[in-house]
Amino acid sequence: MDYYERVKINNIINDKISDYDDITVLGWVRTKRVTKNIAFIELNDGSTVHNLQIVVLEPEKHPLEEISNGASIKVEGYLEKVEGREQDIEMKAKKITVIGQAPEDYVLQKKRHTFEFLREIAHLRPRTNTLSVVNRFRSKMSYAVHQFFQERDFHYIHAPIITTGDAEGAGEMFKVTTLDPANPPRDEAGEIDYSQDFFGQETGLTVSGQLQAELLACALGDVYTFGPTFRAENSNTSRHASEFWMIEPEMAFCDLEEMTVLIEDFIKYLFQYALDKAEEEMMFFNKNIDEDRIEVLRDIIKADFAHITYTEAVDILQASGESFEYPVEWGNDLQSEHERYLTEKHFQKPVMVTDYPKKIKAFYMRENDDDKTVRAVDCLVPEVGEIVGGSQREERLEVLKRRMEEENMDLEKYDWFLDIRRYGTVPHSGFGLGFERILMYLSGMGNIRDIIPFPRTPGNAKF
Ligand code: 4AD
Ligand code: MG
């Protein structure tokens, strides 16, 4: 009954209300202040970070003693404009109904909590300002992702979550099995016999939707995935999660250079979208998380991203005179300290690094004529480091087969992947953008655990 009658507080704050009388709001009490003649309640309903001030003129007529911080209530009354305050509208209560009380041991009282503590109460932290803003921001930026690709006639595809292949070849798959871990069936050699498992073979959670996106791109042209991906890597950093959301576009008839244009357009589009359509959230981040945030975003939108090859990156790092923890040598993967030097100190803007040594990159990347490097691209940004990883794909059947043999892969298992190269093969390219990574960069939030509602990291899967 109340659900359709109530007005959401964001519409009140943004003055989208035509009738100021007979207003009903539903929400949770943030604070309450009672004196003999008047009481004030700050009410939040999750539609905006802003609270609506409820003014109670005859406190003794309302169940104020039942209302404490965290309680859910319904308020009926009327709105009034007030002069000279940041928020120029308040509500005078005629009737207050308590829906659910919150006893005194409710942990979110007025005092500030650290992000570390809030992670331990991840079920309640969406009720704090920062985490509520983060969650609304995720929602808006998800919409931006879809809008960008839909405007460009890309098709949104759903890659499977349960897969048989480790697309990245990094051995970081979580197993999916219904076998009894204490007593799995074994073959003659004593190995676990997965032919008796649920799917009749060994399966795991996907590390990337790319391989399936390639199949669909080679039928539908331009496609993108946007879904959860899983990595069982034991990385305890502020930028790694075991479950994260990735956006993976895949384009047929597209080479690496053409794709880098799309990557830059995509990132800038998201930045512009945040400034235009998530203004409330960006203002919050700018005020409470990093006072330069909006400036940082504007600078990125104006910047021409730098383009260098991996080999040039190595030269720059070796000539830098910096003492890095990990040595810089052609053939080694770039570590995050190297990536940050390139993007933060040397270029001071986003950098696309291309043509990495094939030994450190996945099997599906297109080989260059030098026989040493592949058509890979990583996009590096200040603060976060790698935000995008992608490549032009190897579309030549024989080259791909040789490459997979070099990696000791079971070609038969990937026969379907090779079929795409057998029948009407085309040059194609794709990339993956970590949704949490770009949200971190947009918001200035320093830890991936605070930009996803219920983070999964080594040792943590509660909630
Ligand atoms: O570089 P990655 O591993 O590339 C792929 O998975 C390719 N299959 C993508 C493709 O070409 N379709 O991951 C892509 C991006 C990274 O640049 C990073 O932004 C993010 O995904 N990412 C992570 N984000 C959070 N936690 C982790 N553990 C991440 N691993 C990768
Ligand atoms: Mg990568």
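Q: What should I look at first to understand the side chain of Gln-392 in this one?
A: Tracing the sequence through the fold places Gln-392 in strand E15 (residues 385–392). In this structure Gln-392 comes out as buried when scored by relative accessible area, which is 7%. Other than its neighbours up to four places away in sequence, Gln-392 contacts Cys-254, Asp-255, Leu-256, Tyr-364, Met-365, Arg-366, Arg-375, Pro-427, His-428 and Ser-429.

Q: It is not clear to me how the sheet that holds strand E13 (residues 351–357) should be interpreted in this structure. Could you clarify?
A: What holds strands together in a sheet is hydrogen bonding between their backbones, with the strands either parallel or antiparallel. Taken in spatial order, the eight strands make up an open sheet running E6-E10-E11-E16-E15-E14-E13-E12, and their pairing is mixed. The open sheet has two edge strands with one neighbour each: strand E6 (155–156) and strand E12 (306–309). Relative to E13, E12 runs parallel, the two sharing four bridges. Residue Thr-309 lies in a different strand from E13, and its bridge partner there is Thr-354. Together, E6, strand E10 (222–230) and strand E11 (243–252) form the strand contacts of helix H4 (residues 129–151), whose direction differs from that of E10 by roughly 150 degrees.

Q: Sorry, what's going on with the site of ligand 1 here?
A: As a matter of local geometry, ligand 1 sits amid 24 residues, with Glu-168, Gln-210, Arg-231, Glu-248 and Glu-386 nearest to it. Gly-389 is positioned such that a nitrogen or oxygen atom in its backbone is 3.3 Å from an oxygen atom of ligand 1. Interatomic distance of 3.2 Å between a backbone N/O atom of Gly-434 and an oxygen atom of ligand 1. Here ligand 1 loses 93% of its free accessible area of 620 Å² to cover by the protein chains. Counting residues per element, the ones that place at least two in the shell around ligand 1 are E11, E15 and strand E16 (428–434). The element best represented in the shell around ligand 1 is E15, accounting for five residues.

Q: What should I look at first to understand the sheet that holds strand E3 (residues 52–56) in this one?
A: With mixed pairing, the five strands of this closed barrel are ordered in space as E1-E2-E3-E5-E4. Within this sheet the neighbouring strands show an average axis-to-axis angle of 55 degrees, counted without direction. Sheet topology note: the E3/strand E5 (residues 89–100) ladder contains two bridges and is parallel. Bridging across to E5, Val-55 finds its partner in Lys-92.

Analysis parameters
Residues numbered from 1 in each chain as written. Chains lettered and ligands numbered in written order. Predicted model: local features only at pLDDT ≥ 70, side-chain atom pairs only at ≥ 80, totals over all residues. Heavy atoms only, no water. Helix = DSSP H or I, 4+ residues; strand = E, 2+ residues; numbered from the N terminus. Buried < 20%, exposed > 50% of the residue type's maximum accessible area, 1.4 Å probe, protein only. Contact = heavy atoms within 4.5 Å. Pairing = 2+ DSSP bridges. Axes fitted to C-alpha atoms, helices over the stretch in contact; angles between N-to-C directions. Near = heavy atom within 4 Å. Polar contact = N/O pair within 3.5 Å; in protein donor to acceptor, adjacent residues only side chain to side chain. Areas by Shrake-Rupley, 256 points an atom, 1.4 Å probe, with all protein chains shown as cover.

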